[in-house]
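# Breakdown of the fold
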Amino acid sequence: MRAVIDPLLCQGHAQCVLNLPELFALDDNDSHGYVLLDPVPHELAEQARWIVGSCPERAISLTD
Amino acid sequence: MTTESTTVPAFCAAHLLDSWDERNPQRAFAELAGQSVPSRQDGTLVVAGREELREFLRHPAVRATDGVHHNLGAPRPLIPLDLDGDAHRKYRKLLDPLFTPKRVAALEPVIRARANTLIDEFADNGEAELLSAFCAPLPGQIFIDLLGLPLEDLPFFVDFKEAVVRPQGTTVEEQQANMRAVGDRMHDYLVRTLDERRREPARDDLIGGFLTVEVDGERLTDTEIVDICYLLVIAGLDTVTCSLSCMLAWFAERPSERRRVMSDRALLAPAIEELMRFESPVPLGHRWVTEDIEVAGRLFPAGSKVEVVWAAANVDQDVFADPLVVDFERPHNAHVAFAAGPHRCLGSNLARLELRVALDQFHRRIPEYEIAPGREATYINYGVRAAVHLPITFPVG
């Protein structure tokens, strides 16, 4: 599974980073989110599915 | 040409509901979020539902201004709040790096030291008025540090933002005239400051950054820097003051919740997010629609000025379970207290840091406190929600 953040939708709310810092981080240049681990490790898959609903802009999507 | 005077309208559609309560406005905001087509009697369209808000703000025809009206009574477009599209992106590209979590983290010891000095002033008294003694001065001092200006100029900035955020006057015209007057004084002050700073060696603060940074190969003009600073003053001074006052008032009245967070500091960051959602200190913003659009099955005609109510979206029961309950372990806290869409708060990471450090340090020094017996915290919601009277008592020694 891969996690993808749409850079046009992400506005840097940082909820993904606050909730799952193992998988997401904020860019040091613009405070927008990016994915740290690709593919998403199996042990984080469930949390990754959960985090999609925490994004205020719905910018995160998961692909198989 | 005659100009008719216009009385100042209610600040938010929620204010016009029977359920409105200055102290606990969340119920009225939730009612607004639950309406299928929220609007005002004068026809102003309101966006209050969480999902509709998200869709509305991502639409390219939804703009921060109509090119004529500027936010907060500014004489010229505020940068970047009053810009859209490529011009907006250009300035955000410049400003975003100055407010990343890593960049603002360097301020943590400064914030802690400033907080400590303020607490020193009242720690032995057993009582304090927290808005004036702590919440109001702290963000201003940090802002002055950030810009690289002398601390003795702080009262000037506080007066300016107060005049802009809560304009004096009983008519719209009177308010606008008063805002223009303070705006002109701020403009002159900043131009003078920039002149002085250009003659000095470069310094590593925000003004130093503005003077050396280049956008598309060109330096910022004085006017651009003034317009950026004008917005930063308003955005940086008032919002954190108000947010901090709401949070301290909330904790003052809930000792068991307070003790729980302070005994497990890992809860502090999620508690701040949840209280940002619940209190939504900046209740609303305005957007303009440039062409006829349909969002969530609703028509927004070209030229509409739309009231977008973050505070309502944050208590929308379709998205937040038990929205009127404060739950530090709330799953999916996709709140929009820092707004949403392209104009989402530039300084949110600085605000979060200030709130976290200020609350942490305050509770280290004064872990037990309550609203002074016989008195109560009083709130205003016009402009930005704040606990404007926050008298507390606490044991000393």
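Preceding block: the structure.
The structure reproduced in this document is the subject of the present report. As the structure is a computational prediction, the values presented were derived from the model and not from experiment.

Attention now moves to the overall build of chain B. Of the regular secondary structure elements, chain B holds 15 helices and 13 strands. Since a compact globule built from 397 residues should have a radius of gyration of about 21 Å, the 21 Å found for chain B is in line with a globular shape. Expressed along its principal axes, the backbone C-alpha trace of chain B runs to roughly 65 × 60 × 40 Å. Across the 397 residues in chain B, those meeting the buried criterion constitute 54%. In chain B, 70% of the contacts between residues at least 6 apart in sequence involve partners at least 24 apart. Surface accessibility of chain B: about 17,300 Å² in total, with carbon and sulfur atoms responsible for 51%.

Residues and elements named next belong to chain B. On inspection of all chains with the given rule, the structure shows 32 salt bridges over all chains. Of the charged contacts in the structure, one is a salt bridge between Asp-205 and Arg-197, with a shortest N-O distance of 2.9 Å. There is no split in this pair, since Asp-205 and Arg-197 are both buried. Between Glu-368 and Arg-259 there is a salt bridge, with its nearest N and O atoms 2.8 Å apart. With Glu-368 in the loop between helix H15 (348-365) and strand E10 (370-371) and Arg-259 in helix H12 (residues 255-263), this pair connects stretches of sequence that are 109 residues apart. The exposure class assigned to Arg-259 is partly exposed, which follows from its relative accessible area of 44%. Through salt bridges with shared partners, one network takes in Glu-108, Arg-112, Arg-265, Arg-356, Asp-360 and Arg-364.

What follows covers the nonpolar core. Residue and element names in this part refer to chain B. Core analysis: the biggest nonpolar cluster contains 100 residues, and Phe-134, Phe-210, Leu-248 and Phe-362 have the highest contact counts within it. Broken down by element, the residue count for this core peaks at 20 residues, all from helix H11 (residues 222-252). If you look at the next biggest cluster of nonpolar residues, it comprises 18 residues, including Leu-53, Leu-57, Ala-339 and Ala-340.

With that out of the way, let us pick up the environment of Leu190(B). Residues and elements named next belong to chain B. Relative to the assigned elements, Leu-190 resides in helix H9 (residues 172-199). Overall, Leu-190 belongs to the buried group, its relative accessible area being 3%. When sequence neighbours within four positions are dropped, the list of residues in contact with Leu-190 reads Val-226, Cys-229 and Tyr-230.

Turning our attention to the side chain of Lys161(B). Residues and elements named next belong to chain B. Looking at where Lys-161 falls in the secondary structure, it is placed in helix H8 (residues 154-165). Lys-161 gets classed as buried once you look at its relative accessible area, which sits at 7%. Excluding anything up to four places from it in sequence, Lys-161 contacts Arg-166, Val-233, Ile-234, Leu-237 and Asp-238.

Our focus in this paragraph is the packing of aromatic side chains. Residues and elements named next belong to chain B. In the structure shown here, the tally under the stated rule is 15 aromatic pairs over all chains. Seen in terms of ring centroids, Phe-56 and Phe-300 are 4.8 Å apart; in terms of plane orientation they differ by 45°. Their pairing is tilted. Within this pair, whereas Phe-56 is found in helix H2 (residues 50-57), its partner Phe-300 is found in strand E8 (residues 298-300), the two being separated by 244 residues in sequence. With a relative accessible area of 0%, Phe-56 lands in the buried category. Judged by its relative accessible area of 0%, Phe-300 falls in the buried class. Here a set of aromatic residues connected by ring pairs shows up, and it is made of Phe-11, Trp-20, Phe-29 and Tyr-382. When the ring centre of Phe-320 is taken as origin, the NZ or CZ atom of Arg-277, which lies over that ring, is 5.3 Å away.

The subject of this paragraph is unusual backbone geometry. For the peptide bond that leads from Asp38(A) to Pro39(A), omega is 0°, which places it in the cis range. Looking at where Pro39(A) falls in the secondary structure, it is placed in the loop between strand E3 (33-35) and helix H2 (45-51). Across the junction of Ile79(B) and Pro80(B), the peptide omega takes the value 0°, indicating a cis bond. Positionally, Pro80(B) belongs in the loop between strand E2 (62-63) and helix H3 (85-95). At Asp322(B), a residue that is not glycine, the phi angle is positive and equals roughly 40°. Considering the arrangement of structural elements, one finds Asp322(B) in the loop between helix H14 (310-313) and H15. Notably, His332(B) is not glycine yet its phi reads approximately 55°, a positive angle. Checked against the element boundaries, His332(B) lands in the loop between H14 and H15. Residue His332(B) is classed as partly exposed on the basis of its relative accessible area, which comes to 27%.

Here the focus is the interface of chain B and chain A. Facing 24 residues of chain B, the contacting portion of chain A comprises 21 residues. Of the roughly 1,800 Å² buried where chain B meets chain A, counting both sides, 46% is carbon and sulfur surface. At the junction of chain B with chain A, the criterion picks out 2 salt bridges. We note a salt bridge from Arg58(A) to Glu51(B), for which the minimum N-O separation is 2.6 Å. Ranked by the residues each element gives to the side of chain B that touches chain A, the list is headed by H2(B), at 3 residues. A breakdown of the residues in the side of chain B that touches chain A according to their chemical character gives 9 nonpolar, 6 polar and 9 charged.

The next subject is H11(B). For H11(B), built from 31 residues, the straight-helix expectation of 45 Å at 1.5 Å per residue is met to within 8% by its first-to-last C-alpha distance of 44 Å. With 27 of 31 residues buried, H11(B) is to be regarded as a mostly interior element.

Our focus in this paragraph is the sheet that holds E10(B). Residues and elements named next belong to chain B. The 3 strands are arranged E3-E13-E10 in an open sheet whose pairing can be described as antiparallel. A strand with exactly one partner marks an edge of an open sheet, and here the two such strands are strand E3 (127-129) and E10. One ladder, built from 2 bridges, connects E10 with strand E13 (residues 391-393); its direction is antiparallel. Across the sheet, the residue bridging to Ile-371 is Ile-392, located in E13.

Procedures and definitions
Residues numbered from 1 in each chain as written. Chains lettered and ligands numbered in written order. Predicted model: local features only at pLDDT ≥ 70, side-chain atom pairs only at ≥ 80, totals over all residues. Heavy atoms only, no water. Helix = DSSP H or I, 4+ residues; strand = E, 2+ residues; numbered from the N terminus. Rg over C-alpha atoms; globule rule 2.2 N^0.38 Å. Buried < 20%, exposed > 50% of the residue type's maximum accessible area, 1.4 Å probe, protein only. Contact = heavy atoms within 4.5 Å. Areas by Shrake-Rupley, 256 points an atom, 1.4 Å probe, with all protein chains shown as cover. Salt bridge = Lys/Arg side-chain N within 4 Å of Asp/Glu carboxyl O. Core = buried A, V, L, I, M, F, W, Y, C linked by side-chain atoms within 4.5 Å. Phe/Tyr/Trp six-rings, centres within 6.5 Å; stacked < 30°, edge-to-face > 60°. Lys NZ or Arg CZ within 6 Å of the ring centre and 35° of its normal. Buried area = accessible area lost by both parts, 1.4 Å probe. Nonpolar A, V, L, I, M, F, W, Y, C, P; charged D, E, K, R; others polar. Expected span 1.5 Å × (residues − 1). Pairing = 2+ DSSP bridges.

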